[in-house]
Amino acid sequence: MRKINIFDTTLRDGEQSAGVNLNLHEKLEIARQLERLNVDIIEAGFPAASKGDFESVKQVAAIIKNASVVGLARSKQSDIDAVWEAVKGGVSPRLHTFIATSPIHMQYKLKQTPEQVIETAVASVKYASKFFPTIQWSAEDACRSDFDFLVKIITQVIDAGATVINLPDTVGYVNPKEYGEMFAYIQEHVPNIHRAALSAHCHDDLGMAVSNSLAAIENGVTQIEGTINGIGERAGNASLEEVAVALHTRQDYYQANTRLKLNEIKRTSDLVSKLTGMVIPPNKAVVGKNAFAHESGIHQDGVLKEKTTYEIISPDLVGVKSNSMVLGKHSGRHAFRTHLVEQGYQLEDSDVNRLFELFKELADKKKEITEEDISALLVEQQLTNDEDYYVLSALQVQYGTNQIPTATITLTNTDGQTIQEAATGAGSVEALYNTLERCIATAIVLDDYRIQSVGAGRDALAQVYVKITMDGIVSSGRGTAQDVLEASAKAYLNAVNRVVNIKNSQQEKVSI
Ligand SMILES: [Zn+2]
């Protein structure tokens, strides 16, 4: 059985999804969960992009003990230096550097001749090899590059010290047969290829990212890059959970496996979905709500008689559990803490205490507290952190069928100011948002608004997701509360606070 390394780029490529911006706490929580899932490599970000990105890569590298943490760099010494500074404290520091190799990218983007591109790539790998034990080099837009040019540049970067060669389908253009053939060609023609591992990185523009990744494995690749839930630039990346479960289920065919703890998949997927605001379609393979639902009578009958008649993946395998009551009003702090530990959460004492307060508040209003509620509370706790500029201190909404909805809001900000405003709207949420816009004194466009209940029951928590555009920046936000209007206000303010944070550390984003 061949071992396939899983390179997770949820925090880098995934974070480049339109409207997604994770704060430091959220990135650390995702990194911890990726470690529990047992991924081999975590790409934590692009340290040269901004101070915030640098800091988050550094902190991820500091806490992760069971995976290699990698940072992305262009072929520039200052980028490579930034990655080294960020990851050097990690257990297995690694660099991911890249340059575009397709004619279209070299001519229009880099404005360099092919010879200059080789020179730049070799110089950057040589420079990095002075301090990095592992160097991954990527040929951006490899699939639209001239294969003989790829052979030339790969041979030279391996000689310069690259130990992993990644050939991404940056624009999601090729099909499985073509992608596999590219790797076969490279292995046949690059004389020193045995000194490096091969890696695949696929985008899903034509819906072939997972199939292409599997085709790459059939053609000698030993590392797959992708994201949880397939999030990422444009149509996203290969879904790592789909690749891993496909290898597991079809071991007979692929003769390859990963070291992922498959029963951590569901929780990882839920966490990434909640923190990024990217909802999982119900029909999504492996993690969708309906992935294990048998609706047809014939199928149900078959599954009742023998599961494997229609079920090729068991829900248990990927950690899907039926939702049951876990804790109630009378659960004490100790039981609460024990439950968190059993569920695999690693939290500081102060976080457990804060979470316990939220739990008690909720238990007073809601009879049964489920696993979903607790994970919603955890997300809620991460949302309110010291980085927030605006804090909601009071909210009042008046609504009646014969009157104009009116909202009154009091906010405080970290400059110590108290802001109070009132406004009306055609509905309660509009009144609320008109008032918040007045408090913030900036034009804000609401691009998306979604409300969901956490689990079932009339007393369920409300979870609101919003997407806004403010000062030209697209941002998303989430809020959870028992009342839908309070959850709506929190989500909006969360999105606004993110814009304030982004403006404080302007970011540059790259794609490969
Ligand atoms: Zn990519």
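Definitions and cut-offs
- Residues numbered from 1 in each chain as written.
- Predicted model: local features only at pLDDT ≥ 70, side-chain atom pairs only at ≥ 80, totals over all residues.
- Heavy atoms only, no water.
- Phe/Tyr/Trp six-rings, centres within 6.5 Å; stacked < 30°, edge-to-face > 60°.
- Buried < 20%, exposed > 50% of the residue type's maximum accessible area, 1.4 Å probe, protein only.
- Helix = DSSP H or I, 4+ residues; strand = E, 2+ residues; numbered from the N terminus.
- Pairing = 2+ DSSP bridges.
- Axes fitted to C-alpha atoms, helices over the stretch in contact; angles between N-to-C directions.
- Salt bridge = Lys/Arg side-chain N within 4 Å of Asp/Glu carboxyl O.
- Contact = heavy atoms within 4.5 Å.
- Core = buried A, V, L, I, M, F, W, Y, C linked by side-chain atoms within 4.5 Å.
- Right-handed = clockwise from strand over helix to strand, strands pointing away.
- Disulfide = S-S within 2.5 Å.
- Polar contact = N/O pair within 3.5 Å; in protein donor to acceptor, adjacent residues only side chain to side chain.
- Left-handed = near helix turned anticlockwise from the far one by under 90°.
- Nonpolar A, V, L, I, M, F, W, Y, C, P; charged D, E, K, R; others polar.

Peer 1: Hey, could you go over the packing of aromatic side chains for me, with residue numbers and the actual values?
Peer 2: Here the structure, examined in full by the defined rule, presents 13 aromatic pairs. Aromatic side chains Tyr127 and Phe131 sit 5.4 Å apart centroid to centroid with 90° between the ring planes, which places their arrangement in the edge-to-face category. Exposure remark for Tyr127: the relative accessible area of 14% places this residue in the buried category. Here Tyr433 and Tyr492 contribute two aromatic rings whose centre-to-centre distance is 4.2 Å and whose plane-to-plane angle is 25°, an arrangement assigned as stacked. With Tyr433 in helix 16 (residues 428-440) and Tyr492 in helix 17 (residues 484-504), this residue pair connects regions lying 59 residues apart in the sequence. Feature note: the residues Trp84, Tyr127, Phe131 and Phe132 constitute an aromatic cluster, connected by ring pairs.

Peer 1: Got a sec to walk through unusual backbone geometry? Specific residues and values, please.
Peer 2: Residue Asn38 is not a glycine yet carries a positive backbone phi of 80°. Residues other than glycine seldom take positive phi values, yet Asn229 does so here, at roughly 65°.

Peer 1: I'd like to hear about the sheet that holds strand 17 (residues 461-470), residue by residue, with values.
Peer 2: Strands sit in the order 16-17-18 across an open sheet of three strands; the sheet is antiparallel. Bordering the open sheet on either side are strand 16 (444-454) and strand 18 (473-481), each of which pairs with just one other strand. Neighbouring strand axes in the sheet, compared pairwise and without regard to direction, differ in orientation by 15° on average. Pairing analysis gives nine bridges linking strand 17 to strand 18, with the strands arranged antiparallel. Bridging from a neighbouring strand, Tyr465 pairs with Arg478 of strand 18.

Peer 1: Account for the pattern of salt bridges, naming residues and giving values.
Peer 2: Evaluation of the coordinates by the stated rule reveals 26 salt bridges. The partner of Arg144 in a salt bridge is Asp141, and the shortest N-O contact between them spans 3.0 Å. Arg144 sits in the partly exposed class, given a relative accessible area of 33%. By relative accessible area, which is 0% here, Asp141 ends up buried. Between Asp270 and Lys266 there is a salt bridge; the shortest N-O distance is 2.9 Å. Within this pair, Asp270 and its partner Lys266 are both found in helix 11 (residues 265-276), separated by four residues, close to a single helical turn. By sharing partners, the salt bridges in this structure join Lys3, Asp40 and Arg259 into a single network.

Peer 1: Could you give an account of the sheet that holds strand 13 (residues 390-398), naming the residues involved and the relevant values?
Peer 2: The strand order across the open sheet formed by three strands is 13-14-15, and the pairing between neighbours is antiparallel. With one partner strand each, in any of the chains shown, strand 13 and strand 15 (418-424) form the two edges of the open sheet. Each strand of the sheet is rotated relative to its neighbour by a mean of 15°, with strand direction disregarded. Looking at chain direction, strand 13 and strand 14 (residues 406-413) are connected through eight bridges and run antiparallel. Looking at strand 14, one finds that Leu395 is bridged to Ile409. Sheet strands in contact with helix 16 are strand 13, strand 14 and strand 15, and its direction is about 140° off that of strand 15. Taken strand by strand, helix 17 contacts strand 13 and strand 14, and its axis lies near 145° from that of strand 13.

Peer 1: Account for the nonpolar core, with residues named and values stated.
Peer 2: The biggest cluster of nonpolar side chains holds 92 residues, and the ones touching the most others in it are Trp137, Ile153, Ile154 and Ile165. Every residue in contact with Ile154, bar those within four places of it in the chain, is listed here: Trp137, Ile165, Leu167, Ile186, Val190 and Ile193. Leu436, Ala487, Ala495 and Val496 belong to the second largest nonpolar core, which has 31 residues in total.

Peer 1: Can you break down the pairing of strand 5 (residues 94-100) residue by residue, with the values?
Peer 2: The buried count for strand 5 comes to seven of seven residues, which makes it a mostly enclosed element. Of the two faces of strand 5, the one holding Arg94, His96, Phe98 and Ala100 and the one holding Leu95, Thr97 and Ile99 are both buried throughout. Examined bridge by bridge, strand 4 (residues 68-74) and strand 5 share five bridges and lie parallel to one another. Bridge pairing links Leu72 to His96 in strand 5. Crossover handedness for the path strand 4 to helix 3 (residues 77-87) to strand 5: right-handed. By the bridge criterion, seven bridges tie strand 5 to strand 6 (residues 134-140) in an arrangement that is parallel. Note that in strand 6 the partner of Ala100 across the bridge is Glu140.

Peer 1: Let's hear about the pairing of strand 15: which residues, and what values?
Peer 2: Looking along a regular strand, one sees the side chains alternate between the two faces of the sheet. Judged from the seven bridges that link them, strand 14 and strand 15 form a sheet pairing that is antiparallel. Bridge pairing in strand 15 links Ala407 to Ala423.

Peer 1: Explain the state of the cysteines to me, using residue names and the numbers behind them.
Peer 2: All chains considered together, the criterion is met by zero disulfides. No disulfide involves Cys143; its sulfur sits 7.1 Å from that of Cys202, the nearest cysteine. Relative accessible area serves as the criterion here: at 12%, Cys143 is assigned to the buried category.

Peer 1: For the side chain of Thr97, give the residues involved together with the corresponding values.
Peer 2: If you trace the backbone, Thr97 turns up in strand 5. Taking the relative accessible area as the measure of exposure, Thr97 reaches 0% and is therefore buried. A polar contact of 3.2 Å, which involves the side chain of Thr97, links it to the backbone oxygen of Ala73. Setting aside residues no more than four positions away along its own chain, Thr97 makes contact with Ala73, Arg74, Ser75, Ser124, Val125, Ile135, Gln136, Trp137 and Ser138.

Peer 1: Break down the packing of helix 7 (residues 176-189) against helix 8 (residues 209-218) for me, citing the residues and quoting the values.
Peer 2: Any two packed helices are characterised by how steeply their axes cross, that is the angle between the axes, and by the distance between the axes. Between helix 7 and helix 8, the shortest axis-to-axis distance is 8 Å and the interhelical angle comes to 35°. Taken as a pair, helix 7 and helix 8 cross one another with a handedness that is right-handed. Along the contact surface, helix 7 presents Pro176, Tyr179, Gly180 and Phe183, while helix 8 presents Ser211, Asn212, Ala215 and Ala216. When grouped by side-chain class, the residues that make up the contact of helix 7 with helix 8 number five nonpolar, three polar and no charged.

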